[in-house]
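If you want the building blocks of each chain, they are given just below.
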Amino acid sequence: MNDNYDLIRAELAAAQVTLVAVSKTKPVHMIQELYDAGQRDFGENKVQELMEKMPQLPSDIRWHLIGHLQKNKVKYIASFVHLIHSVDSLELLAEINKHGAKNNRIIPCLLQIYIAREDTKFGLDEDELFQLLHSQEFKSMKNVEIRGLMGMATMTENQEQIRSEFRKLKRMFDQIREQGLVQNANFTVLSMGMSSDYHLAIDEGSNMVRIGSLLFGSRNTDI
Ligand SMILES: *Cc1c(COP(=O)(O)O)cnc(C)c1O
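What this report covers is the structure whose coordinates are included nearby. (Residues numbered from 1 in each chain as written. Predicted model: local features only at pLDDT ≥ 70, side-chain atom pairs only at ≥ 80, totals over all residues. Heavy atoms only, no water.)

### Digging into the site of the ligand
Residues in close proximity to the ligand include V22, K24, I66, M152, M194, S195, R210, I211, G212, S213 and R219, which together make up its full environment. R219 is positioned with one of its side-chain polar atoms (N or O) 2.8 Å from an oxygen atom of the ligand. In isolation the ligand has 390 Å² of accessible area, and contact with the protein removes 92% of it. Looking at side-chain class alone, the shell around the ligand contains five nonpolar, three polar and three charged residues. (Near = heavy atom within 4 Å. Polar contact = N/O pair within 3.5 Å; in protein donor to acceptor, adjacent residues only side chain to side chain. Areas by Shrake-Rupley, 256 points an atom, 1.4 Å probe, with all protein chains shown as cover. Nonpolar A, V, L, I, M, F, W, Y, C, P; charged D, E, K, R; others polar.)

Here's what the structure looks like:
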């Protein structure tokens, strides 16, 4: 596992891409092992699992919430989460904003965009993305900061399809930057790429990848 880590880390450092180690379903001792090797950014996809692991691990871990987030769970992570990758509605963003205010912090978020040709994945489509960004409600939020976009490509062997989905996300990302639709200088993160497609993603402009199975081994109960 650490051999893989060293290789991936070197590769990503050279490309200036941030590695989020996706530790879902994996025990805390495996997270600790990677932490000891130098990793600080870890991603979980379920609030409950994150809440169980967090107190057992070093406090300087940067926890990323990468899975679908229900509004009623925001309160559990609002005080410490480093980056929420999976904001897929204005309502959810409003809830995060509310809990940001309660915790007296600005919570960093990515908007999750639906780019795959699959029904099962969450995310905003292109119209919804721009509607959200143009809405008065969004513009008035003081306790969230949109740092960028996240997307997942279709699970397919077809490299060209994956590439074109990533390209589409990169185009939206560039458009938002060019048009200044997000009023902060930190709109810089493009989170795309997982174990099976991170090379393609980086090729297409990703600067944050979320890698699980390549680092920790495959998961039996995939979710
Ligand atoms: C599980 C998961 C990953 C990592 O998947 P691997 O194929 O194990 O690298 C990345 N992003 C999200 C949103 C996930 O749920």
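Text resumes after the structure shown.
### Things to note about the pairing of strand β6 (residues 144-151)
Remember that side chains alternate between the two faces of the sheet whenever the strand is regular. By the criterion of burial, β6 is predominantly enclosed, with seven of the eight residues buried. Bridge count for strand β5 (residues 107-113) against β6 is seven bridges, and the pairing is parallel. Of the residues in β6, the one forming a bridge with I113 is G151. The pairing of β6 with strand β7 (residues 189-192) spans four bridges and is classified as parallel. When the bridges of β7 are listed, L149 appears paired with L190. (Buried < 20%, exposed > 50% of the residue type's maximum accessible area, 1.4 Å probe, protein only. Helix = DSSP H or I, 4+ residues; strand = E, 2+ residues; numbered from the N terminus. Pairing = 2+ DSSP bridges.)

### Section: the packing of aromatic side chains
Taken as a whole and judged by the stated rule, the model has two aromatic pairs. Where F42 meets W63, the ring centres are 6.1 Å apart and the plane angle is 45 degrees; that geometry is what we call tilted. In this pair, F42 sits in strand β2 (residues 41-44) while W63 sits in strand β3 (residues 62-65), placing the two residues 21 residues apart along the sequence. Both residues of the pair, F42 and W63, belong to the buried class. Here R40 stacks its cationic end above the ring of Y35, 3.6 Å away from the centre of that ring. (Phe/Tyr/Trp six-rings, centres within 6.5 Å; stacked < 30°, edge-to-face > 60°. Lys NZ or Arg CZ within 6 Å of the ring centre and 35° of its normal.)

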